[in-house]
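The chain contents come next:
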Amino acid sequence: MLFSSFPYVFVFLPVVVLTYAFAKSKVGARSAQVWLLLSSLFFYGWAKPSNLPFLLGSILCNWVIGRAIASAGIETNRTRLLWFGIGANIAFLFSFKYVNVFLSGLAALHLPGFVLPDLELPLGVSFFSLAQIMYLVDTYQAPETVNSFLDHATFASFFPYVTSGPISRSMEVVPQFKTFTGETSRIELACRGFFLFVLGLGKKVLLADAFGRIADAGFTPFSHYSTLEAWVFCLAYAFEIYFDFSGYSDMAIGSAWMLGIRLPINFNAPFRSKSMSEYWQRWHMSLSAFITHYLYTPILRSMGRRATIGKSCVAVIVAMSIAGLWHGPSLTYIFWGLINGAALAVNQVWRRKKKRLPGALSWAVTFAFVNVTFVFFRSPTLEFAFHFLRQMLPQTDLLGVSALRGLIPFAPNLLWRPIIAGSFLAFFGKTSTELAESDIFTPPKAFATAVLLVLGALCMNTSAAKTFLYFAF
Amino acid sequence: MKPSRWLFTTVAIFLLLAGAGIAANVYVDIYGLYRNTRGRHLVDYGDNRIAKYLLSEHYVPENFDAILIGPSVSSNWDTHGIHTLRTYNESLNGSNFVEQECLVQQAIAAPGRLKVAIVMVHPSMTADHEFDTVRLTEELNRTALGSLSLFEAYKDWFGRYRNPRLTISDDYGTDFFEDPVHLNATAARLMRPASDFPMDPEAVAAFRRMVAACRRNHVTLLYVAPPMSPSIFAPKRDAFRKYMAFVQAEMRPGERVIDFNSERYADFLCNPNNFSDGVHISRAGAPRIVALLDGELRRLRESWLL
C-alpha cells in the first residue's frame, strides 16, 4: 500500500490511528500493540500477500537468535551466534538481490530444461534486514534489551518504516509501544504528525512526481543533449529522488507520530551541504548512521588499534562500496558507493590539512559532485552514465534546448512550477521536520494544511500514483 | 489554538473544500458521467485520451450511431460531414489498438445506439502496445470528481470560452491539429524501406479482443485503409499489401473493407493538397475524405450491408 494512495490516506491510516488510540486508552497498551502488529502485517501483505512469509520468517528467526544471544552464558558462543545471525540476514538479503543475477546468467546459457525461478525482491527486504542486524548487535551489546516475540514482531513489521525506513533501532522504538514519552501531549504529537504527513504527501505528489517526469524524459537511451539540457535532466533527477525519499520519510515519521511513536529523522536539507561529510550527515541519515556504526567503525577497528588517516580513508571507501552493493546488483550502484566513499576520503584529508574554501564555492562543488553521483545512481549501465556525464561537460552544443523544447509544449507547467517551488524548498526555508515542530496551531496553518491536502488529493487522483523510488531496494 | 481544535478545523476545511469541489464538478459534468447526455454537446477538453475514455462511457453510446477508431491519421477527420451515420471520432494521436480497445470496450459496454465501428487499418496501430499519457482504466472515472487533468480540461474550456475561434477539438471528437510539414519520428520509422511492418503481439491481441467484443455486442465492423500520398505508399506497397492481408484474414463474412489507396480513389490520391506530410490528411483534404467515406457508407447502407 502506497503512502500516497487513497486507501492509505483516507482509510487505513485513520482507522489504525483512531483504533490504536482508543484501544490504548480504554483496553490497554498490550491490546493496542497487538492491533498495531495486525495492522502492520495487513499493510505489508496488501500488495502481495506471498511476501508475508519472508517477513514473518525473518522476524521469527531473528527473535530466536536474539534470545539465544541474550541467554548464552559464554562470550565465545554469544559472538558466534551474533556472526551467525548477521551472516544469515546478509545471506537472506543477498539471495534475493544476487541469486537472480546468477540464475539469469545460467538462463543465458540456454541449459536444457532450466526454468528461471521467480525470486522477486520482497518489499522492504533491504530495510528490515538491516533493522534485524541492528537488533542482533544491540542485543549482543546489551542483553537486557532483548525483545519478547510480540515486541520484536511489532518492531520489525511496524508499517511506517517496514518498506523503506527510516532504519530504526529496536531499543528506541519498542519502549514507545508501552508508554508514551516526550514533552508534548499525545494529541499534540498526533497533530504535528498529521501536519508532517501532509507536507510529505505534498513533496511526493506535487514535486517529486513532476520532477520524475522530466528526469524520465531525460534518462533515455541513445540521448544526445546540450550541456544545459544534460544538467537540467540531472538536476531534475536529484530533486526527484530528494523529494520522493524525503517526502516518503516525512509521511513515515508523520504516520508514526500520529501513533505517538517518534522515529529518527532521515533528511535535513542535504542540498545545502558544504562538504560531502556534511551531506552524508543530512542525506538518508538513518542509513548513514548504520554505515558509520555497523560498517565503517568495525572495518576501521579491524585494521588495528591505531586509527590513521590512511586506514580511515580505506574504511570509508569500503563501507560506502558495501552501501552501494546493498542498493542492488548493478555496477552503477557499486560505482556510486565507490565515488561517494572516495569523496568522503578526500574530504577527511582536506579537513586534516585545515584548508578552507569560501562557503559558496564549497557548496557549489559539493552540490555539483552530488549530482554527478546521481547520474550513476539513475543510469541503467556504466556506459550510459559516462555517456551522460560527457554531455554534462562543456561541449560544442552548450546551451541548446531542442530536447527540452520537445518536453515543454506538452508540459510547460510541469517544468516551471516544480522547479521554482522545489528550488526554494531544497535550498531555503525551514525543513519539514522543523516546520512540524514549530508553532503550527494557528488558523492560517490549519487552512494551509487543508489546502495542501486537497492539492495532494487532486494529484493522487490524476493518474495512478508513482511508486516510491526506494521501494526498488 | 488547542491541538484538538486545530485538527478539527483542518479536517473541516479539507472536507468543505473537497466537498465543494466535487459538488461543482458533478454539477458541471464535463464528461457526461453524472447526468443524461442526450442532446448535450461535450468536447474532449484537456488530455484527449482521458476525455475520450470518459466520454465513451455515456456520451458516445447515447448520442452516436458509429465510432471511428484510428491513430492521428484519422483524428482530424471532421465526422460532422458523415450524414449517413452520426459518427464519433475516437481517433487518438499516436495511439495503438491497446488504447483503442479500452475506448471501444467502454463505448459498447453501456446501452446505447452504437451500431457500427469504423476501424482504420493502419500499421501504426499494431506497432506497439504502450499507453501514451495515461493507462485507460476504470480508475480514471475518479478523475472527473477532481484532478489535475480535470483542471487542464477546465483551462481548455475557459480558453475556448474567451476565444471561440480557438477550435482545437469538437463535440464529435475531431482534433483540429495544425498540418504537419514533415513526417514525425514514429511515422518516419514505420515508413522506412522494408517489406513489412513491425507487429507487436500484444497490440495484435488487443485488436482481436476489440473486434470480438464488437461482434459480441452486434456492432458491425467496417475496416478502412486511410489514403496515403503515393510517394510514401509506393515504396511500401508490398508491406501494405501484407498488412491488408493480415486484416482480411481476421475479418468475418459480411465485414467490409474500404481501401482508399486503391485506383478507385485516384483523383483524391493524386491531389497533393489533400496531404500534409504524406501520411496525414491536410485540413483542406479532410472534408473531402470524409465526404468520400460518407458516400461509401451511404452505398453500403442502401445495399443493406450496413
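Residues numbered from 1 in each chain as written. Chains lettered and ligands numbered in written order. Predicted model: local features only at pLDDT ≥ 70, side-chain atom pairs only at ≥ 80, totals over all residues. Heavy atoms only, no water.

If you tally the helices and strands in chain A, you get 19 helices and zero strands. Against the globule reference of 23 Å for 473 residues, chain A gives a C-alpha radius of gyration of 23 Å, in line with a compact fold. Along the first, second and third principal axes, the C-alpha atoms of chain A reach 70 × 60 × 60 Å. When burial is assessed residue by residue, chain A has 53% of its 473 residues classed as buried. Looking at chain A alone, contacts between residues at least 24 apart form 77% of all its contacts between residues at least 6 apart. In the form shown here, chain A has an accessible surface area of approximately 20,600 Å², with 70% of it arising from carbon and sulfur atoms. Taken together, the 36 basic and 21 acidic charged side chains of chain A have centroids lying 7 Å from each other. (Helix = DSSP H or I, 4+ residues; strand = E, 2+ residues; numbered from the N terminus. Rg over C-alpha atoms; globule rule 2.2 N^0.38 Å. Buried < 20%, exposed > 50% of the residue type's maximum accessible area, 1.4 Å probe, protein only. Contact = heavy atoms within 4.5 Å. Areas by Shrake-Rupley, 256 points an atom, 1.4 Å probe, with all protein chains shown as cover. Lys, Arg positive; Asp, Glu negative; His and termini not counted. Charge placed at Lys NZ, Arg CZ, Asp CG, Glu CD.)

Let's shift gears to empty space enclosed by the protein. Residues and elements named next belong to chain A. Taken as a whole and judged by the stated rule, the model has three cavities of 30 Å³ or more. Around the largest cavity sit Phe-127, Phe-128, Ala-131, Phe-155, Ala-156, Tyr-161, Val-162, Gly-165, Pro-166, Ile-167 and Ser-168, which together line it. The set of elements that each furnish at least two residues to the lining of the largest cavity consists of helix 5 (125-141) and helix 6 (149-157). The dominant element in the lining of the largest cavity, judged by the number of residues it contributes, is helix 5, at three residues. Taken together, the residues of the lining of the largest cavity sort by class into nine nonpolar, two polar and no charged. (1 Å grid on protein atoms, 1.4 Å probe; cavity = no way out; pocket = protein on both sides within 12 Å on 5 of 7 lines; lining within 4 Å. Points joined across faces, edges and corners; volume = space filled by probe spheres on them. Nonpolar A, V, L, I, M, F, W, Y, C, P; charged D, E, K, R; others polar.)

Residue and element names in this part refer to chain B. Taken across its five residues, strand 3 (residues 116-120) has five buried, putting it largely inside the fold. Of the two faces of strand 3, both are covered, the one formed by Val-116, Ile-118 and Met-120 as well as the one formed by Ala-117 and Val-119. The pairing of strand 1 (residues 66-69) with strand 3 spans four bridges and is classified as parallel. Its bridge partner lying in strand 3, Leu-68 is registered against Ile-118. In terms of strand pairing, strand 3 meets strand 4 (residues 220-225) through five bridges, oriented parallel. Bridging across to strand 4, Ala-117 finds its partner in Leu-221. (Pairing = 2+ DSSP bridges.)

Turning to the pattern of salt bridges, a few remarks are in order. Side-chain pairs of opposite charge can arise whenever the charged atoms involved come near each other. Using the criterion set out here, one finds 22 salt bridges over all chains in the structure. For the salt bridge of Glu101(B) with Arg209(B), the shortest nitrogen-to-oxygen distance reads 3.0 Å. Of the two residues, Glu101(B) is situated in helix 5 (residues 97-109) and Arg209(B) in helix 8 (residues 201-216); the sequence distance between them amounts to 108 residues. According to the relative accessible area criterion, Glu101(B) is buried, its value standing at 10%. For Arg209(B), a relative accessible area of 43% puts it in the partly exposed group. Taken together, the salt bridges that share partners define one network made up of Lys204(A), Asp209(A) and Asp244(A). (Salt bridge = Lys/Arg side-chain N within 4 Å of Asp/Glu carboxyl O.)

All right, on to the interface of chain A and chain B then. If you look at the interface, chain A gives 26 residues, while chain B gives 20 residues. Carbon and sulfur atoms make up 75% of the area that chain A and chain B hide from each other, which totals about 2,000 Å². When the area that chain A buries against chain B is broken down by residue, the three leading residues are Phe441(A), Asn461(A) and Thr462(A), summing to 27%. Inspection of the region where chain A meets chain B yields zero salt bridges. Elements with a minimum of two residues in the side of chain A that touches chain B: helix 1 (6-27), helix 8 (186-218) and helix 19 (443-460) of chain A. When the residues that make up the side of chain A that touches chain B are grouped by side-chain class, the tally is 18 nonpolar, six polar and two charged. (Buried area = accessible area lost by both parts, 1.4 Å probe.)

A few words now on the packing of helix 3 (residues 52-71) of chain A against helix 6 of chain A. Residue and element names in this part refer to chain A. Viewed as axis vectors pointing N to C, helix 3 and helix 6 meet at an angle of 135 degrees, and their least axial separation amounts to 10 Å. Classed by the angle they form, the pair helix 3 and helix 6 counts as oblique. Crossing handedness for the pair helix 3 and helix 6: right-handed. Residue-level inspection shows Leu-55, Ile-59, Leu-60, Asn-62 and Trp-63 of helix 3 in contact with helix 6, the latter providing Phe-149, His-152, Ala-153, Ala-156 and Ser-157. (Axes fitted to C-alpha atoms, helices over the stretch in contact; angles between N-to-C directions. Parallel < 35°, antiparallel > 145°, perpendicular 65-115°, else oblique. Left-handed = near helix turned anticlockwise from the far one by under 90°.)

An α-helix turns once per 3.6 residues; consequently, residues spaced three or four apart project the same way. For helix 1 (residues 3-28) of chain B, with 26 residues, the first-to-last C-alpha span of 37 Å sits near the 38 Å given by 1.5 Å per residue. Residues Pro3(B), Trp6(B), Thr10(B), Ile13(B), Phe14(B) and Asn25(B) constitute the buried set of helix 1 of chain B. If you follow the buried residues of helix 1 of chain B, they end up packed against helix 1, helix 8 and helix 19 of chain A together with helix 6 (148-162) of chain B. Asp29(B), located one to two residues past helix 1 of chain B, shows a positive phi value of around 50 degrees. (Expected span 1.5 Å × (residues − 1).)

For the rest of this paragraph, the subject is the nonpolar core. All names here are of chain A. Counting 139 residues, the largest nonpolar core has Tyr-8, Ile-261, Phe-271, Phe-374 and Phe-388 as its most contacted members. Considering every element that reaches this core, the biggest residue donor is helix 9 (residues 227-258), with 18 residues. The residues contacting Phe-374, other than those within four sequence positions of it, are Tyr-237, Ala-238, Ile-241, Phe-271, Tyr-279 and Trp-283. (Core = buried A, V, L, I, M, F, W, Y, C linked by side-chain atoms within 4.5 Å.)

Moving on, we come to the layout of surface pockets. All names here are of chain A. There is about 740 Å³ of room inside the second largest pocket. Forming the boundary of the second largest pocket are 26 residues, of which Ile-86, Ile-133, Tyr-294, Leu-295 and Pro-298 lie nearest the centre. Residue assignment for the lining of the second largest pocket shows that the elements contributing at least two residues are helix 4 (75-108), helix 5, helix 11 (285-302) and helix 12 (309-327). If you tally residues by element for the lining of the second largest pocket, the top one is helix 11, at 10 residues.

Take the packing of aromatic side chains next. With the rule as written, the count across this model stands at 77 aromatic pairs over all chains. Geometrically, the ring pair formed by Phe219(A) and Phe388(A) is stacked, given 4.4 Å between the ring centres and 10 degrees between the ring planes. Taken together, the residues Phe219(A) in the loop between helix 8 and helix 9 and Phe388(A) in helix 15 (residues 382-392) connect sequence positions 169 residues apart. The class of Phe219(A) is buried, set by a relative accessible area of 7%. Residue Phe388(A) is classed as buried on the basis of its relative accessible area of 0%. Between Phe376(A) and Phe386(A), the aromatic rings sit 5.4 Å apart at their centres with planes inclined by 80 degrees, giving edge-to-face as the arrangement. Of this pair, Phe376(A) sits in helix 14 (residues 359-378) while Phe386(A) sits in helix 15, placing them 10 residues apart in sequence. Classification of Phe376(A) by relative accessible area gives buried; the value is 2%. On the basis of relative accessibility, which here comes to 35%, the residue Phe386(A) falls in the partly exposed class. Over the ring of Phe64(B) we find Arg86(B); its NZ or CZ atom is 4.8 Å from the centre of that ring. (Phe/Tyr/Trp six-rings, centres within 6.5 Å; stacked < 30°, edge-to-face > 60°. Lys NZ or Arg CZ within 6 Å of the ring centre and 35° of its normal.)

All names here are of chain A. Within the secondary structure, Asn-89 is located in helix 4. Under the relative-accessibility criterion, Asn-89 is labelled buried at 4%. Contacts of Asn-89, omitting those with residues within four sequence positions, involve Ser-58, Asn-62, Ser-129, Gln-132, Ile-133 and Leu-136.

This part is about a nonpolar patch on the surface. Residues and elements named next belong to chain A. Taken together, the side chains of Trp-350, Leu-357, Leu-361 and Val-365 make up a nonpolar region of the molecular surface, amounting to roughly 350 Å² of accessible area. Mapping Leu-357 onto the fold places it in the loop between helix 13 (331-353) and helix 14. Given the relative accessible area of 38%, Leu-357 is considered partly exposed. (Patch = residues over 30% accessible without salt bridge, like charges linked within 9 Å, V, L, I, M, F, W, Y side chains within 5 Å.)

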